[in-house]
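Overview (structure and organization)
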Amino acid sequence: MSMEFIAKIFSQILQLLAIVFFFYAAYQGVMGEGGSTSVFTGVGVLILVLIGSYFIDKLVNAY
């Protein structure tokens, strides 16, 4: 397996986990006791993971 393939799989798994966490946080914020703080936390985690996976992809593709 090449490093590019492993990095792409890792990046996609992180993105999937971030999306699942976002939906959980949004559900807790709307239906549970989390409030808007929970929704903002979910959005923040999702954005950070997407930015991080973008940089991982760029770093792997550079080499």
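Below is a short write-up of the structure. Because the structure is predicted, anything quoted here is derived from the model rather than measured. Counting of residues starts from 1 at the beginning of each chain's written sequence and follows it residue by residue. Only residues with pLDDT of at least 70 are given local features in this predicted model, and only at 80 or more are side-chain atom pairs given and counted; all residues enter the totals for whole chains, interfaces and linings. With hydrogens and water set aside, each side-chain value is computed from the structure's full complement of heavy atoms.

By the criteria applied, helices consist of DSSP H or I runs no shorter than four residues and strands consist of E runs no shorter than two, each listed in order from the N terminus. Secondary structure assignment for the chain yields two helices and zero strands. The globule rule puts the C-alpha radius of gyration for 63 residues at 11 Å, and the 14 Å found for the chain is more than 25% above it. Principal-axis analysis of the C-alpha atoms places the extent of the chain at approximately 45 × 15 × 5 Å. Among the 63 residues that make up the chain, the fraction classed as buried is 16%. Using a 1.4 Å probe, accessible areas were evaluated by the Shrake-Rupley method; residue-level cover was limited to the displayed protein chains. Accessible area for the chain stands at about 4900 Å²; split by element, carbon and sulfur atoms hold 74% of it. Taken over C-alpha atoms, the radius of gyration is set against a globule rule of 2.2 Å times the number of residues to the power 0.38. Remark: exposure states derive from per-residue accessible area (1.4 Å probe, protein chains only) relative to the maximum for the residue type, with buried under 20%, exposed over 50%, and partly exposed in between.

Moving on, we come to the environment of Asp-57. Turning to its location among the elements, Asp-57 is positioned in helix α2 (residues 35-62). In this structure the C-alpha to C-alpha distance between Asp-57 and Lys-8, which are 49 residues apart in sequence, comes to 6.9 Å.

It is worth spelling out a nonpolar patch on the surface at this point. A surface patch of nonpolar side chains, about 960 Å² in accessible area, is lined by Met-1, Met-3, Phe-5, Ile-6, Ile-9, Phe-10, Ile-13, Leu-14 and Leu-17. Along the chain, Met-3 falls in helix α1 (residues 3-31). Like charges are joined within 9 Å and nonpolar side chains (Val, Leu, Ile, Met, Phe, Trp, Tyr) within 5 Å, but only among residues with over 30% relative accessible area and no salt bridge; these make up the patches. Whenever a carboxyl oxygen of Asp or Glu lies within 4 Å of a side-chain nitrogen of Lys or Arg, that contact is scored as a salt bridge.

Turning next to α1. Each helix should span, by expectation, one fewer than its residue count multiplied by 1.5 Å. A rise of 1.5 Å per residue sets the reference length of α1, with its 29 residues, at 42 Å; its end C-alpha atoms lie 42 Å apart and thus fit the reference within 8%. Listed as buried for α1 are Ala-7, Ser-11, Ala-18, Ala-25, Ala-26 and Gly-29. Every residue pair with non-hydrogen atoms within 4.5 Å of one another is taken to be in contact. Buried residues in α1 make contact with α2.

So, on to α2. Here α2 is 28 residues long and its end C-alpha atoms lie 42 Å apart, about the 40 Å a rise of 1.5 Å per residue gives. Listed in full, the buried residues belonging to α2 are Ser-38, Gly-42, Leu-46 and Ser-53. Where the residues of α2 are buried, they touch α1.

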